[in-house]
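The residues making up each chain are set out below.
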Amino acid sequence: MIFKEDIARETARFLLQVKAVKLNPNHPFTWTSGLKSPIYCDNRVTLSFPAVRNYMRQQFVKIINEEFGLVECVAGVATAGIPQGVLVAQELGLPFVYVRSENKAHGLENKIEGRIEEGKSVVVVEDLVSTGKSSLAAVHALQEAGCVVKGMVAIFSYDLNKARTAFKEAKCRLITLSDYNILVKEALESNYITDNDLQSLVKWRENPDKWGE
């Protein structure tokens, strides 16, 4: 779910302004999951723009303070969630850790980097959520370490049925600054996409696994 409508629209406008959104229906992008998509959102671009970066941080802090109650640590999902998580942890004056996609192959072979005590309440920070697989893997790793995961915040979600189902089954609350539907509306209103682009994006959203076949 998005946090608030006005914040979702403003976030979408920022993503479009800094060109964090890439659109190419004729040469679709391939996600890590193998899914083909006509749209790709690279939120790491926002870090290069101080005003945008600060806005994202401020909204994350509002969500955590208003929606999650007591939080004792912030965890970022490697790699794109790390800088966002650090900014949030710094603002809140909280410890920070990050979760690798897999255990490090050498040294201490850590999956969670940083120090966190068992029983501590944690909010996970992610840059975006697609299918939810990698995001929830980080949640599960924290839970296995004895943490109490209060939920996850992310800049953007593609709002796929697969992800909604996965988060529901994991009993993990997800709150995002913006999502796919609002981004597409803002893109059309700002002439970032055409009506033809919109048709392709709508078809993909309806059935991403079969899109383009």
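Calculation notes
Residues numbered from 1 in each chain as written. Predicted model: local features only at pLDDT ≥ 70, side-chain atom pairs only at ≥ 80, totals over all residues. Heavy atoms only, no water. 1 Å grid on protein atoms, 1.4 Å probe; cavity = no way out; pocket = protein on both sides within 12 Å on 5 of 7 lines; lining within 4 Å. Points joined across faces, edges and corners; volume = space filled by probe spheres on them. Helix = DSSP H or I, 4+ residues; strand = E, 2+ residues; numbered from the N terminus. Nonpolar A, V, L, I, M, F, W, Y, C, P; charged D, E, K, R; others polar. Axes fitted to C-alpha atoms, helices over the stretch in contact; angles between N-to-C directions. Parallel < 35°, antiparallel > 145°, perpendicular 65-115°, else oblique. Left-handed = near helix turned anticlockwise from the far one by under 90°. Contact = heavy atoms within 4.5 Å. Phe/Tyr/Trp six-rings, centres within 6.5 Å; stacked < 30°, edge-to-face > 60°. Buried < 20%, exposed > 50% of the residue type's maximum accessible area, 1.4 Å probe, protein only. Lys NZ or Arg CZ within 6 Å of the ring centre and 35° of its normal.

Trainee: Please clarify how the layout of surface pockets should be interpreted in this entry.
Mentor: With a probe scaled to a water molecule rolled over the atoms, the places where space remains empty come into view. By volume, the largest pocket amounts to about 680 Å³. For the lining of the largest pocket, the secondary-structure elements that each account for two or more residues are β4 (39-41), β8 (121-129) and α4 (133-144). The greatest single-element share of the lining of the largest pocket, amounting to 5 residues, is contributed by α4. Within the lining of the largest pocket, the residues separate by chemical class into 12 nonpolar, 11 polar and 6 charged. Space inside the second largest pocket adds up to approximately 180 Å³. Listing elements by their share of the lining of the second largest pocket, those giving two or more residues are α5 (161-170) and β10 (174-179). Taken together, the residues of the lining of the second largest pocket break down into 6 nonpolar, 2 polar and 3 charged.

Trainee: Would you mind showing me how to read the packing of helix α1 (residues 5-17) against helix α6 (residues 180-189) here?
Mentor: When two helices pack together, their arrangement is given by the angle between the helix axes and the distance between those axes. Here α1 crosses α6 at 60 degrees, and the two axes come no closer than 9 Å. Here α6 runs oblique to α1, going by the angle between their axes. Classified by chirality, the crossing of α6 by α1 is right-handed. Only I182, L183, E186, A187 and E189 of α6 make contact with α1, whose side of the interface consists of E5, A8, R9, A12, R13, L15 and L16. Taken together, the residues that form the contact of α1 with α6 break down as 7 nonpolar, no polar and 5 charged.

Trainee: Before we go on, may I ask you to explain the packing of aromatic side chains in this structure?
Mentor: This model, assessed by the stated rule, comprises 8 aromatic pairs. Aromatic pair W31 and Y158: ring centres 4.5 Å apart, planes at 40 degrees, arrangement tilted. Of this pair, W31 sits in the loop between β2 (29-30) and β3 (36-37) while Y158 is found in the loop between β9 (148-157) and α5, placing the two residues 127 residues apart along the sequence. Residues W31 and Y158 agree in their burial class; the two are buried. Look at Y158 and Y180: their rings are 6.4 Å apart centre to centre, the planes differ by 45 degrees, and that puts the pair in the tilted class. Pair noted here: Y158 is in the loop between β9 and α5 and Y180 is in helix α6, with a separation of 22 residues, a long-range link. Considered together, Y158 and Y180 belong to a single accessibility category, that of buried residues. Grouping aromatic residues by their ring pairs yields a cluster made of W31, F156, Y158, Y180 and W204. Taking NZ or CZ as reference, R173 lies 5.6 Å from the ring centre of F68, over its face.

Honestly, it's all geometry; don't read function into it.
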